[in-house]
Amino acid sequence: MPLTKDQFAGVMMGLAVGDALGAAWEGMTSDLIFEMGPADKIVEHASGREIYYTDDTQMTISVVQTLIELGTIEKHYLARKFAENHPDRGYGQGARRIINAIGAGEDWETLAANVFNGKGSLGNGGAMRVVPLGLFFAPDLNLVAEQAALSAAPTHTHEIGVDGARLMAVAAALAAESAGQPFDRQAFLTQLRSFAETEEFQWQFDHALELEPHQSLRSFGCSLEAQRSVVTSVMCFANSPDSYPETISRAIGQGDDVDTLAAMAGALAGARLGIGGVPKHLIDCLEDNHQGQSFLLDLAEQLWRRYQLGCASA
Ligand code: R7I
Ligand code: MG
Ligand code: MG
């Protein structure tokens, strides 16, 4: 079954709302969030104050624009988009240096391959921006993984950073394909495990398959390295696949890199549940100025239209 416009909109809103709700708490410990929140109250967001997304959503915009304009990921084109869409919204330090180099016309490819001790970045920046791409190339999971690796390339060359992006995109495709059916958590995790290329992720999915949904996600981490956040977000979604608020509450409750945990988990929930799964009052709180709520929804619709062209010619 082709994916729906609602699912593409659900991804963009699930991502941006999770990112923006988590942003105020990024870097705080889970204990502090529990004391000052707790996470389910943070997600209720009873104050109704306006919320603002960060680099997670802003970098996703560049990936989506590239897919709308080219229908595929081309590394240099995407790199230019990153530089164009870059008033700073809390970027990782390596990513910021690379994007500045792209903007200045410097040799960013050498820089990207050499940040962090000469191996490139293993941050979660490749994974945080890739969920719409997973829908765009679904149901061809090999193509999803291949295109996700290309989309990580401008900023993330470390094998773990790349694998994190591949796995998040495959998770997105599977989440989207699961819409309207009971969620088979074990099948979802088993399929993801089969796409893991690095030992770090293979081990984590083996461990994930042994856990019950109520068990702690502590061992998967909550910081800004891909191998300390991607599986955590996948599990927040897989453990509450039919509730966006529960999914992102659990993500925010982990502490530390909570904008990104909630952005990734929330985008996966949006892929399965569609925009109807993301509470309307939260969407209404999302900033609606330059590249805000209306812009993101328009982008989601354009991406869906481009996706449909591919479906028609397949
Ligand atoms: O991955 P990236 O785009 O960062 C995304 C994160 C998200 O939480 C966003 O919300 C934003 O806050 O940042 O940016 P990078 O700078 O490539 O990586 C992020 C961080 O991961 C770096 O600042 C490092 O702390 C860490 N990191 C590494 N640490 C040790 N060795 C990335 N690669 C390495 C490494 O190889
Ligand atoms: Mg961020
Ligand atoms: Mg973050």
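Residues numbered from 1 in each chain as written. Chains lettered and ligands numbered in written order. Predicted model: local features only at pLDDT ≥ 70, side-chain atom pairs only at ≥ 80, totals over all residues. Heavy atoms only, no water.

Undergrad: Any chance you could explain the pattern of salt bridges here in plain terms?
TA: Opposite charge on two side chains allows them to pair when their charged atoms are near. This structure, assessed with the given rule, holds twelve salt bridges. Here Asp-206 ties to Arg-193 by a salt bridge, and the two come within 2.8 Å at their closest N and O atoms. Here the residue Asp-206 occupies a position in helix α13 (residues 199–210), and Arg-193 occupies one in helix α12 (residues 185–195), the gap between them amounting to 13 residues. Judged by its relative accessible area of 26%, Arg-193 is partly exposed. Counted as one network, the salt bridges with shared partners bring together Lys-5, Glu-301 and Arg-305. (Salt bridge = Lys/Arg side-chain N within 4 Å of Asp/Glu carboxyl O. Helix = DSSP H or I, 4+ residues; strand = E, 2+ residues; numbered from the N terminus. Buried < 20%, exposed > 50% of the residue type's maximum accessible area, 1.4 Å probe, protein only.)

Undergrad: Help me understand the environment of Ala-79 in this model?
TA: Within the fold, Ala-79 resides in helix α5 (residues 75–84). Judged by its relative accessible area of 1%, Ala-79 falls in the buried class. In this structure, the C-alpha to C-alpha distance between Ala-79 and Thr-66, residues 13 residues apart in sequence, is 9.8 Å.

Undergrad: It is not clear to me how the layout of surface pockets should be interpreted in this structure. Could you clarify?
TA: Over the atoms a probe the size of a water molecule is rolled, and this reveals where empty space is left. Its boundaries defined by the atoms lining it, the largest pocket holds a volume of some 450 Å³. Along the wall of the largest pocket there are 26 residues; nearest its centre are Gly-92, Gln-93, Gly-123, Asn-124 and Leu-224. For the lining of the largest pocket, the elements supplying multiple residues, two or more each, are α4 (55–70), α6 (93–103), α8 (125–128) and α16 (258–273). Looking at the lining of the largest pocket residue by residue, the classes come out as seven nonpolar, twelve polar and seven charged. Taken as a whole, the second largest pocket encloses approximately 260 Å³ of empty space. Along the walls of the second largest pocket sit 16 residues, with Leu-21, Ala-24, Trp-25, His-45 and Arg-49 positioned nearest its centre. Broken down by secondary-structure element, the contributors of at least two residues to the lining of the second largest pocket are α1 (5–23) and α3 (39–44). Broken down by element, the lining of the second largest pocket gets its largest block of residues, three residues, from α1. Tallied by class, the residues present in the lining of the second largest pocket amount to ten nonpolar, three polar and three charged. (1 Å grid on protein atoms, 1.4 Å probe; cavity = no way out; pocket = protein on both sides within 12 Å on 5 of 7 lines; lining within 4 Å. Points joined across faces, edges and corners; volume = space filled by probe spheres on them. Nonpolar A, V, L, I, M, F, W, Y, C, P; charged D, E, K, R; others polar.)

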